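Here's the letter readout for the chains.
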Amino acid sequence: MKKILLIGKTGQLGGELIKDASVFNFAIISFDRTELDVTNEAQVEEKIIASQPDILINTSAFHVVPKCETEPAAAMAVNFVAVDKIARLCKKHQIKFVTYSTDYVFDGEKGSAYEENDSPKPLQIYGISKLAGEYAAVNAYPEGTFIIRTNGLYGGATGSPDKGGNFVLNIIKEAKGKNIIEVSSEQIVSPTYAGDLSQATLKLLGSRAEPGIYHLVNEGQCSWAEFTQTIFRLAGIETEVKPVDRGGASGAMKRPKFSVLKNTKAKALGIELPSWQEGLKSYFNFLNK
Ligand SMILES: NC(=O)c1ccc[n+]([C@@H]2O[C@H](COP(=O)([O-])OP(=O)(O)OC[C@H]3O[C@@H](n4cnc5c(N)ncnc54)[C@H](OP(=O)(O)O)[C@@H]3O)[C@@H](O)[C@H]2O)c1
């Protein structure tokens, strides 16, 4: 049985990987930030030596997007420098390296779904820092690095500890006591359930997939407004959703307008996530358990 060392134990995706690993025949050992801080290279190497994994999966990120604008050095430390150093350590210890990236490496101007080999062009520090991490890891350890890009991730009972929840939980909270709420209609995305992403990642690792960049997202696309309407229907919330076009702007910062990701490489190996509607249903089943 292959052993995974997981970074990001308390996160949305980390929690799902811990639940799913044994189902896919992997042993898993995980650490939280107090035990392993990705910005502490010596600590990362110490954990690799102590746990002797076959695969290191890094789900950590500095990903509150507006905070990346005001704290670029901190964003770069986690999303770029740490990823570079972990890739080098994985090469040194001959471990497969899996790390996650984002639709925000693209500018959203293509007008159709982005494939794995499309040219990135990030619009803000978050995307720049994640892209720098991608380049660094692939450059340092091309023969062992898997970059998995995903989009609009949600999962877990309380969502992301760093983001204070996730879109699903936060929009439900926001709707409380309101007859109508405004939600952006211009951003088209592929929102992805962390449970589906976890399973697809483990399938990929159990397959003959070559190292490289993969897009793993729930299938299909929607605006955040349409996503919200579906959330409210599943949650039995009667608040009306008013779609508004904010032009992709969030203060001075830009977000990509059309950042749907297309899974072509994993799909060729038979690995495909369910539709975003199915992903959302699975999340509600989990929340209602
Ligand atoms: N969420 C999204 O919408 C989205 C979209 C596209 C891509 N992604 C990518 O998908 C991946 C997983 O996202 P997620 O939503 O599962 O994240 P998450 O729920 O916010 O979890 C991130 C985890 O990283 C840990 N972490 C943060 N800084 C760390 C550090 N310096 N050292 C060690 N651990 C640290 C956090 O620990 P603490 O609990 O101690 O903070 C947390 O366990 C990330 O790479 C993210 O960029 C996410």
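Residues numbered from 1 in each chain as written. Predicted model: local features only at pLDDT ≥ 70, side-chain atom pairs only at ≥ 80, totals over all residues. Heavy atoms only, no water.

## Some points on the overall build of the protein
If you tally the helices and strands in the protein, you get nine helices and 14 strands. Taking 2.2 N^0.38 as the reference for a compact globule, 289 residues should give roughly 19 Å; the C-alpha atoms of the protein span a radius of gyration of 18 Å, in line with that estimate. Principal axes of the C-alpha set define a box for the protein whose edges measure 55 × 40 × 40 Å. For the protein, restricting intrachain contacts to residue pairs at least 6 apart in sequence, the fraction spanning at least 24 positions comes to 80%. Distance between charge centres in the protein, computed from 33 positive and 33 negative side chains, equals 2 Å. (Helix = DSSP H or I, 4+ residues; strand = E, 2+ residues; numbered from the N terminus. Rg over C-alpha atoms; globule rule 2.2 N^0.38 Å. Contact = heavy atoms within 4.5 Å. Lys, Arg positive; Asp, Glu negative; His and termini not counted. Charge placed at Lys NZ, Arg CZ, Asp CG, Glu CD.)

## Thoughts on helix H7 (residues 194-205)
Look at H7: 16 Å from first C-alpha to last across 12 residues, which is about the 16 Å you get at 1.5 Å a residue. Across the 12 residues of H7, 10 count as buried, placing the element largely inside the fold. All buried positions along H7 are accounted for by Ala194, Gly195, Asp196, Leu197, Ser198, Ala200, Thr201, Leu202, Leu204 and Leu205. (Expected span 1.5 Å × (residues − 1). Buried < 20%, exposed > 50% of the residue type's maximum accessible area, 1.4 Å probe, protein only.)

## Looking at the sheet that holds strand S1 (residues 2-7)
Read across the open sheet, the six strands follow the order S2-S1-S3-S4-S5-S10; overall the sheet is parallel. Two strands lie at the open edges of the sheet, namely strand S2 (26-31) and strand S10 (212-215), each paired on one side alone. The sheet shows a mean angle of 25° between the axes of neighbouring strands, direction not considered. Note: S1 against strand S3 (residues 55-58), four bridges, orientation parallel. Bridging from a neighbouring strand, leucine 6 pairs with isoleucine 57 of S3. (Pairing = 2+ DSSP bridges. Axes fitted to C-alpha atoms, helices over the stretch in contact; angles between N-to-C directions.)

## Re the packing of aromatic side chains
In this structure the tally under the stated criterion is 12 aromatic pairs. With 5.7 Å between their ring centres and 50° between their planes, tyrosine 154 and phenylalanine 227 make a pair best called tilted. Here the residue tyrosine 154 occupies a position in strand S6 (residues 153-154), and phenylalanine 227 occupies one in helix H8 (residues 224-235), the gap between them amounting to 73 residues. With respect to class, tyrosine 154 is no different from phenylalanine 227; both count as buried. Aromatic ring contacts, followed pair by pair, group Tyr154, Phe167, Tyr193, Trp224, Phe227, Trp276, Tyr283 and Phe286 into a single cluster. It is lysine 265 that lies over the ring of tyrosine 214; its NZ or CZ is 4.6 Å from the centre. (Phe/Tyr/Trp six-rings, centres within 6.5 Å; stacked < 30°, edge-to-face > 60°. Lys NZ or Arg CZ within 6 Å of the ring centre and 35° of its normal.)

## Concerning the side chain of serine 30
Tracing the chain through its elements places serine 30 in strand S2. The buried category is assigned to serine 30, whose relative accessible area is 17%. Apart from the residues within four sequence positions on either side, serine 30 is in contact with Leu6, Lys9, Ile18 and Glu35.

## Describing the packing of H8 against helix H9 (residues 276-287)
The N-to-C vectors of H8 and H9 enclose an angle of 40°; their axes lie 11 Å apart at closest approach. Relative to H9, H8 is oriented oblique. Every pair of crossing elements has a handedness; the one defined by H8 and H9 is right-handed. Contacts between H8 and H9 pair Glu226, Phe227, Thr230, Ile231, Leu234 and Ala235 from the former with Trp276, Leu280, Lys281 and Phe284 from the latter. Residue classes in the contact of H8 with H9 are distributed as seven nonpolar, one polar and two charged. (Parallel < 35°, antiparallel > 145°, perpendicular 65-115°, else oblique. Left-handed = near helix turned anticlockwise from the far one by under 90°. Nonpolar A, V, L, I, M, F, W, Y, C, P; charged D, E, K, R; others polar.)

## Overview of the pairing of strand S5 (residues 145-150)
Each regular strand carries side chains that alternate between the two faces of the sheet. Of all six residues in S5, six are buried, a share of seventy percent or more. Of the two faces of S5, the one carrying Thr145, Ile147 and Arg149 and the one carrying Phe146, Ile148 and Thr150 are both buried. Alignment of strand S4 (residues 96-102) against S5, held across six bridges, turns out to be parallel. Counted as the bridge partner of threonine 99 is isoleucine 147 from S5. Handedness of the S4-helix H5 (residues 125-140)-S5 crossover: right-handed. In terms of strand pairing, S5 meets S10 through four bridges, oriented parallel. Pairing of isoleucine 147 across the sheet is with isoleucine 213, part of S10. (Right-handed = clockwise from strand over helix to strand, strands pointing away.)

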